[in-house]
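Descriptive structure summary
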Amino acid sequence: MTEKKDELSELAAQKLVEQIRKKPNSNLGLPTGRTPKRMYQHVVRLSQEMGLDWSKVHCFALDDYLETLEDYSFQKYLEQNLYQHIDLPGTNKHNPRFHDDYDRLIDKHGGLDLTVLGIGANGHIAFNEPGTPQASYTQCIWLDEISRNSLKDGFPDASEVPTKAVTMGISTILSSKSIIMLAFGEEKKEVLKRAFGNGVDPAIPASFLVLHNNVSILTD
Ligand code: PGA
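Structure report, in brief.

What about the sheet that holds strand β6 (residues 139–142)?
- An order of β3-β7-β6 is seen for the 3 strands of this open sheet, with the pairing classed as antiparallel. The sheet is open, and its two edges are formed by β3 (63–65) and β6, each paired on a single side. Strand-to-strand, the axes of this sheet are offset by a mean angle of 25°, without reference to chain direction.

Here we look at the pairing of strand β1 (residues 27–30)
- Judged by which residues are buried, β1 turns out to be covered on both faces: N27 and G29 on one side and L28 and L30 on the other are all buried.
- Regarding topology, helix α2 (residues 37–50) serves as the crossover connection from β1 to the parallel strand β2 (residues 58–61), and that connection is right-handed.
- Summarising the sheet, β1 and strand β5 (residues 114–117) pair through 2 bridges and their orientation is parallel. Residue G29 lies in a different strand from β5, and its bridge partner there is T115.

A few points about helix α1 (residues 3–22)
- With 20 residues, α1 extends 28 Å from end C-alpha to end C-alpha; this agrees with the ideal 28 Å at 1.5 Å per step.
- Turning to α1, its buried residues are L8, S9, A12, A13, L16, V17, Q19 and I20.
- At its buried positions, α1 is contacted by β1, α2, β5, β8 (178–183) and β9 (215–219).

Overview of the sheet that holds strand β4 (residues 93–94)
- A sheet is described by the order of its strands in space; here 6 strands give the open sequence β4-β2-β1-β5-β8-β9, paired in parallel fashion. The open sheet is flanked by β4 and β9, the only strands paired with a single partner.
- As paired elements, β8 and β9 share 5 bridges and run parallel to each other. Opposite M181, over in β9, you have I217 as the bridge partner.
- Sheet contacts for α1: β1, β5, β8 and β9; angle to β9, the most-contacted strand, approximately 150°.

A few points about unusual backbone geometry
- We note that E67 has phi near 55°; this positive angle belongs to a residue other than glycine.
- Structurally, E67 can be placed in the loop between β3 and α3 (74–81).
- Judged by relative accessible area, E67 falls into the exposed class, the value being 66%.
- The residue A126 is not glycine, and still its phi comes out positive at about 50°.
- The class of A126 is buried, set by a relative accessible area of 8%.

As for the site of the ligand
- Around the ligand, a shell composed of G33, R34, T35, G118, I119, G120, H124 and K188 is seen.
- For the ligand, an oxygen atom lies 2.4 Å from a polar atom in the side chain of T35.
- Within the side chain of K188, an N or O atom sits 2.7 Å from an oxygen atom of the ligand.
- In isolation the ligand has 280 Å² of accessible area, and contact with the protein removes 84% of it.
- Across the shell around the ligand, the residue classes tally to 1 nonpolar, 5 polar and 2 charged.

So, the pairing of β9
- Of the two faces of β9, the one lined by S216 and L218 is fully buried and the one lined by V215, I217 and T219 carries no buried residue.
- Between the parallel elements β8 and β9, the chain passes through helix α7 (residues 189–197) in a crossover that is right-handed.

Overview of the pattern of salt bridges
- Using the criterion set out here, one finds 16 salt bridges in the structure.
- K177 is the partner of D113 in a salt bridge, and the nearest nitrogen-oxygen pair spans 3.4 Å. Taken together, the positions of D113 in the loop between α4 (102–108) and β5 and K177 in the loop between α6 (170–174) and β8 put the pair 64 residues apart, joining distant regions of the chain.
- K193 is the salt-bridge partner of E190, the closest N and O atoms lying 3.9 Å from each other. In this pair, E190 and K193 both sit in helix α7, 3 residues apart, roughly one turn of the helix.
- Residues joined by salt bridges that share partners form a network here, namely E10, R45 and E49.

Procedures and definitions
Residues numbered from 1 in each chain as written. Predicted model: local features only at pLDDT ≥ 70, side-chain atom pairs only at ≥ 80, totals over all residues. Heavy atoms only, no water. Pairing = 2+ DSSP bridges. Helix = DSSP H or I, 4+ residues; strand = E, 2+ residues; numbered from the N terminus. Axes fitted to C-alpha atoms, helices over the stretch in contact; angles between N-to-C directions. Buried < 20%, exposed > 50% of the residue type's maximum accessible area, 1.4 Å probe, protein only. Right-handed = clockwise from strand over helix to strand, strands pointing away. Expected span 1.5 Å × (residues − 1). Contact = heavy atoms within 4.5 Å. Near = heavy atom within 4 Å. Polar contact = N/O pair within 3.5 Å; in protein donor to acceptor, adjacent residues only side chain to side chain. Areas by Shrake-Rupley, 256 points an atom, 1.4 Å probe, with all protein chains shown as cover. Nonpolar A, V, L, I, M, F, W, Y, C, P; charged D, E, K, R; others polar. Salt bridge = Lys/Arg side-chain N within 4 Å of Asp/Glu carboxyl O.

Below, the structure written as structure tokens:
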């Protein structure tokens, strides 16, 4: 891990912790993948150091695989990287796999306050693959080959990478009051340029973020 990546992960963690301190009943949209792992380590450390109260926080996973073993699920990832280390009640852990109307559930809780995102090699945010329209809400999708290829390291064999997932939509994400995007390494450089250099283009779903007025992009 580079020093810069660690620093930016810590900055994201500080913003997340600050959000909870300011508003103890915050609703968070949470990512999985390689990128946010270090951020979660800092969130856990900071939470423990300051005795942060998570009891009123609601966490909404951005997405999850469908039709795969529970061991590979994003629910499990969030359990291992975050939930098991903080005092978040079980009823406050939400996953789109378990809800017919995730957007309504989010609204019922007062909407997302802070959403943290990564960016896929194809420009996806959550699992909104290229071509997803802005007017999209939580839905089941087919993973494209670029996404499946980047996910293969998490599976014993590339053929086991799921083909289907459920994801918050672009509108769901844009409804969040604030957004932090984390993007690290040479491999994300080109896609960041494409996403943020030329206005909105549905072929690069991350480009929809330019329509939002409170996005921080933390990149090395
Ligand atoms: P990664 O995934 O953090 O594993 O690169 C990013 C994403 O697909 O959002």
